[in-house]
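# Notes for the structure review
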Amino acid sequence: MRPLVDDVRIRELARELGRLAASPVRIYITGGSTAVVEGWRESTADVDLRLEPEAEELMRAFSALKERLAINIELASPLDFIPELPGWRERSPFLFAEGVVAFHHFDPYSQALSKIERGFKRDLEDLDAMIDRGLVDPSRLGALYQAIEPELYRYPAIDPSAFKRKLDAALDRGRD
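This section reports on the structure supplied with the text. Throughout this document, residue positions are counted from 1 along each chain, in the order its sequence is written. Totals for whole chains, interfaces and linings use every residue, but because this is a predicted model, local features are given only for residues with pLDDT of at least 70 and side-chain atom pairs only at 80 or more, for both listing and counting. The basis for every side-chain value is the complete set of non-hydrogen atoms in the structure, without hydrogens or water.

## Section: the sheet that holds strand E4 (residues 94-98)
Note the threshold: In short, DSSP must find at least two bridges between two strands for them to pair. Only runs of H or I of at least four residues qualify as helices and only runs of E of at least two qualify as strands under DSSP, and these elements are numbered from the N terminus. Structural elements are reduced to axes, namely lines fitted to C-alpha atoms, with helices fitted over the stretch in contact, and the angle between N-to-C directions of any two is expressed from 0 to 180 degrees. Residues are treated as being in contact if the distance between any of their heavy atoms lies within 4.5 Å.
Sheet architecture is open: five strands sit in the order E3-E2-E1-E5-E4, paired in mixed fashion. Sheet topology places strand E3 (72-75) and E4 at the edges, where each strand pairs with a single neighbour. Sheet twist, expressed as the mean angle between neighbouring strand axes with direction ignored, is 30 degrees. The sheet contact formed by strand E1 (residues 25-30) and strand E5 (residues 101-105) spans five bridges and is parallel. Across the sheet, the residue bridging to Tyr28 is His104, located in E5. On top of the sheet, helix H1 (residues 7-20) reaches E1, strand E2 (46-52), E3, E4 and E5; it is set at about 50 degrees to E4, its chief contact.

## Examining the pattern of salt bridges
Under the convention used in this document: Salt bridge, as used here, is a side-chain nitrogen of Lys or Arg placed within 4 Å of a carboxyl oxygen of Asp or Glu. Here's how the labels work: a residue is buried when its accessible area is under 20% of the maximum for its type, exposed when over 50%, partly exposed in between, all with a 1.4 Å probe on protein chains only.
One pass over the structure, following the stated rule, counts 17 salt bridges. With a closest N to O distance of 3.1 Å, Glu56 and Arg60 form a salt bridge. In this pair, Glu56 and Arg60 both sit in helix H3 (residues 56-69), four residues apart, roughly one turn of the helix. For Glu56, a relative accessible area of 48% gives the class partly exposed. Overall, Arg60 belongs to the exposed group, its relative accessible area being 64%. With a closest N to O distance of 2.6 Å, Arg154 and Glu151 form a salt bridge. A single network of salt bridges, built from pairs that share partners, joins Arg41, Lys115, Arg118, Asp123 and Asp126.

## Notes on the environment of Pro83
Within the secondary structure, Pro83 is located in the loop between E3 and E4. In this structure Pro83 comes out as buried when scored by relative accessible area, which is 4%. Ignoring any residue separated from it by four or fewer positions in sequence, one finds Pro83 in contact with Ile148, Glu151, Leu152 and Tyr155.

So, in structure tokens, the structure goes:
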């Protein structure tokens, strides 16, 4: 089992990826990594990433970096679990650059909806933190859910009526 990952270790991984990248790429961090970088969690079990475009040299380096840095790296984002929200790239805040790599948080609204759909206690705590910090506005979150609701059938693991109930309950929490 690898040690938990804090902000220092996330930035160490970012420096290494910036050093290895041969051409411009955007890397979106998500999940626990967003929570750690934004400061509402001290650590996370793994670093969830999405690359655009996929950079072959980085993809090939992940395995060795995982071992050398003792960091769990997962190629995962909200797009693996819920439909793509319109405008997600434009809502993905820039963090910093390392070499030719631009690091962004994955769109907080996409993260929030995927956390609601999953519904674990920690996910809902993250949602509360995103709302408290102004990263997510509950009314806009509801509108973005409406935009993707017609596409939920493409994700057979999602029960649309259960997802809507979880969303309503989460938005009610945000109003308290």
